[in-house]
Amino acid sequence: MNRTRFAPSPTGPLHLGHAYSALLAFDQARQAGGAFLLRIEDIDQSRARGEWEDLIYEDLHWLGLRWPVPVMRQSDRLDAYASALDHLSELGVIYPCRCKRADIEAAASAPQEGVPQFGPDGRIYPGTCRHRAMHEAGPDDVIRLNMYEAAKIVPVLSFFETGPRHQGHHQITTQDLCQSAGDIILRRRGMGGSYHLSVVVDDSDQVITQVTRGEDLFSATPLHVLLQNLLGLPTPLYHHHHLIRDESGKRLAKRDDARAIRQYRDDGMTPDDLRALLGLTITADLDRPRVIPQG
Ligand code: GLU
C-alpha cells in the first residue's frame, strides 16, 4: 500500500510551498488508495514552538487534509534515535566530535582546487575528530558519520525517483560522498538526532513507501539512503517536486509571511482557489506549480 507523509518543522507558518508538498503527498496517497501521514519534525526544540504546531494542524485541516492520529512527533522519539545510533556504533561508523564552528572554519581555511567546501549538510567537515572512539563521547560532543567506514560497508547506493527533474533510477558510489558530503552530523548538541538520522528512522517507523518533498532535499537523499542501508531499513520511492517560487524566481521562505497559508485563509481564499493557484486539480495529479503572482 502506498503511504506518503508530510513532515513540517513547527518553526514558522506554513507557506505555499508547504501547501504544495502536503497536497501533493495527500493526493498521491488518495489516488493509490493508500494512506497519508503527518509528522511533526520538532527535533530542534530550540526553534520549535507549540503555536506553530497548532497552526500547522489548522492550516492542513483547512486545506482539506486528514491523517491518522496520534501524530508522530520527533520530540517523543529520542529513544528511537538513540537505538539507531547504538546500531551505527556497533558497526563502527560513528564518532564523537568536539570541534566548534570556528575550529572547522580554521581547519578548512586552505581550500583545495576542485574539492567542494560545502555539501548537503553545510561545510564539509575536515575530519579532525575522526580518530576518536564512541566511548570518549562527552555530553557536548556532536556525533558524526565516518563516511569512509560507511563506504566500506555500503559501497553503492540506489534509489528510485519519480519527481519531474530527477526522474529515474539513481546509483551512487558511497566513496563519492566522502568528498561531496563528508562526515555528516547524526546527533547535534542538545538534540537526540540530526535531521538526517531522524527522518530516516521516522520514515521507516511510519512505514512510508513514498517520500514526497521539495527539490531542495534531493541532494540529501543519498545520505538518507546510505543510513537506511546501514540500519537495515527499506528505501522508499522518492518524489522531489519543483519549488514554489515568487515572480522574481526567489524561493519562498518561512519568514515570507505574505505567502503564509494563514494569510490566504484570512484573505478569503478557498482551499480550491489555493489548489488552482498551485496548479493542482481537485484530484491533483499535476506536478506543475505556477509562478505565484506578486502582491
Ligand atoms: N522537516 C523538513 C522541512 O520542514 C522536511 C523534511 C522532509 O520532508 O524530509 O523542511
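Everything that follows concerns the structure shown earlier in this document.
In this report, we go over the structure that sits alongside the text. What you see is a predicted model, and the numbers here were worked out from it, not measured in a lab. (Residues numbered from 1 in each chain as written. Predicted model: local features only at pLDDT ≥ 70, side-chain atom pairs only at ≥ 80, totals over all residues. Heavy atoms only, no water.)

**Things to note about the overall build of the protein chain**
For the protein chain, the helix and strand inventory stands at 10 helices and 12 strands. Out of the 295 residues belonging to the protein chain, those deemed buried represent 51%. Residue pairs in contact within the protein chain that sit at least 24 positions apart in sequence constitute 78% of those at least 6 positions apart. By element, 50% of the accessible surface of the protein chain is carried by carbon and sulfur atoms, the whole surface being about 13,700 Å². (Helix = DSSP H or I, 4+ residues; strand = E, 2+ residues; numbered from the N terminus. Buried < 20%, exposed > 50% of the residue type's maximum accessible area, 1.4 Å probe, protein only. Contact = heavy atoms within 4.5 Å. Areas by Shrake-Rupley, 256 points an atom, 1.4 Å probe, with all protein chains shown as cover.)

**Remarks on the environment of His-166**
With respect to the helices, strands and loops of the structure, His-166 is situated in the loop between strand 8 (156-161) and strand 9 (168-173). Residues His-166 and Tyr-238, spaced 72 residues apart in sequence, show a C-alpha to C-alpha distance of 9.9 Å. Setting aside anything within four residues of it in sequence, one finds His-166 in contact with Glu-161, Glu-215 and Phe-218.

**Let's talk about helix 8 (residues 221-231)**
Three or four residues apart is the spacing at which side chains of an α-helix point the same way, because the helix has 3.6 residues per turn. With 10 of 11 residues buried, helix 8 is to be regarded as a mostly interior element. When we look at burial in helix 8, the residues that qualify are Thr-221, Pro-222, Leu-223, His-224, Val-225, Leu-226, Leu-227, Gln-228, Leu-230 and Leu-231. Following helix 8 by one or two positions, Gly-232 has its phi on the positive side, about 70°.

**A word on the site of the ligand**
In the region of the ligand, the neighbouring residues are Arg-5, Ala-7, Pro-8, Ser-9, Glu-41, Tyr-195, Val-199, Arg-213 and Leu-217. In the model, a nitrogen atom of the ligand is placed 2.7 Å from a nitrogen or oxygen of the Ala-7 main chain. The separation between an oxygen atom of the ligand and a polar side-chain atom of Arg-213 is 3.0 Å. For the ligand, the accessible surface in isolation is 290 Å², of which the surrounding protein chains cover 78%. Counted by class, the shell around the ligand contains five nonpolar, one polar and three charged residues. (Near = heavy atom within 4 Å. Polar contact = N/O pair within 3.5 Å; in protein donor to acceptor, adjacent residues only side chain to side chain. Nonpolar A, V, L, I, M, F, W, Y, C, P; charged D, E, K, R; others polar.)

**Details of the pairing of strand 11 (residues 210-214)**
Here strand 11 lies mainly inside the structure; five of its five residues are buried. As defined by bridge partners, strand 11 adjoins strand 12 (residues 237-241) across five bridges and the pair is classed as parallel. Across the sheet, the residue bridging to Gly-214 is His-241, located in strand 12. Of the crossover connections in this fold, the one passing from strand 11 over helix 8 to the parallel strand 12 is right-handed. (Pairing = 2+ DSSP bridges. Right-handed = clockwise from strand over helix to strand, strands pointing away.)

**Examining the pattern of salt bridges**
As enumerated under the stated definition, the model contains 21 salt bridges in all. One salt bridge connects Arg-39 with Glu-41, and the closest N-O pair in it is separated by 3.0 Å. As far as the burial class goes, Arg-39 and Glu-41 line up, both buried. Here Asp-44 ties to Arg-47 by a salt bridge, and the two come within 4.0 Å at their closest N and O atoms. (Salt bridge = Lys/Arg side-chain N within 4 Å of Asp/Glu carboxyl O.)

**Some remarks on the packing of helix 3 (residues 78-91) against helix 7 (residues 195-205)**
Packing of helix 3 against helix 7 leaves a shortest axis separation of 10 Å and a crossing angle of 105°. Regarding the angle of helix 3 to helix 7, the classification is roughly perpendicular. Contacts between helix 3 and helix 7 involve Ala-80, Tyr-81, Ala-84, Leu-85 and Leu-88 on the former and, on the latter, Leu-197, Ser-198, Val-201, Asp-202 and Asp-205. Considering only residue class, the contact of helix 3 with helix 7 consists of seven nonpolar, one polar and two charged. (Axes fitted to C-alpha atoms, helices over the stretch in contact; angles between N-to-C directions. Parallel < 35°, antiparallel > 145°, perpendicular 65-115°, else oblique.)

**Describing the sheet that holds strand 2 (residues 35-40)**
Either a parallel or an antiparallel arrangement is found when strands of a sheet pair, and the pairing is made through backbone hydrogen bonds. Pairing in this open sheet of three strands is parallel, and the strands run 1-2-3 from one edge to the other. One side of each edge strand has no neighbouring strand; the edge strands of this open sheet are strand 1 (3-6) and strand 3 (72-73). Note that strand 1 and strand 2 share four bridges and pair parallel. From the neighbouring strand, Arg-5 faces strand 2, where its bridge partner is Leu-37. Sheet contacts for helix 2 (residues 50-62): strand 1, strand 2 and strand 3; angle to strand 2, the most-contacted strand, approximately 160°. Strands in contact with helix 7 are strand 1, strand 2 and strand 3; relative to strand 2, the strand with the most contacts, it is inclined by about 145°.

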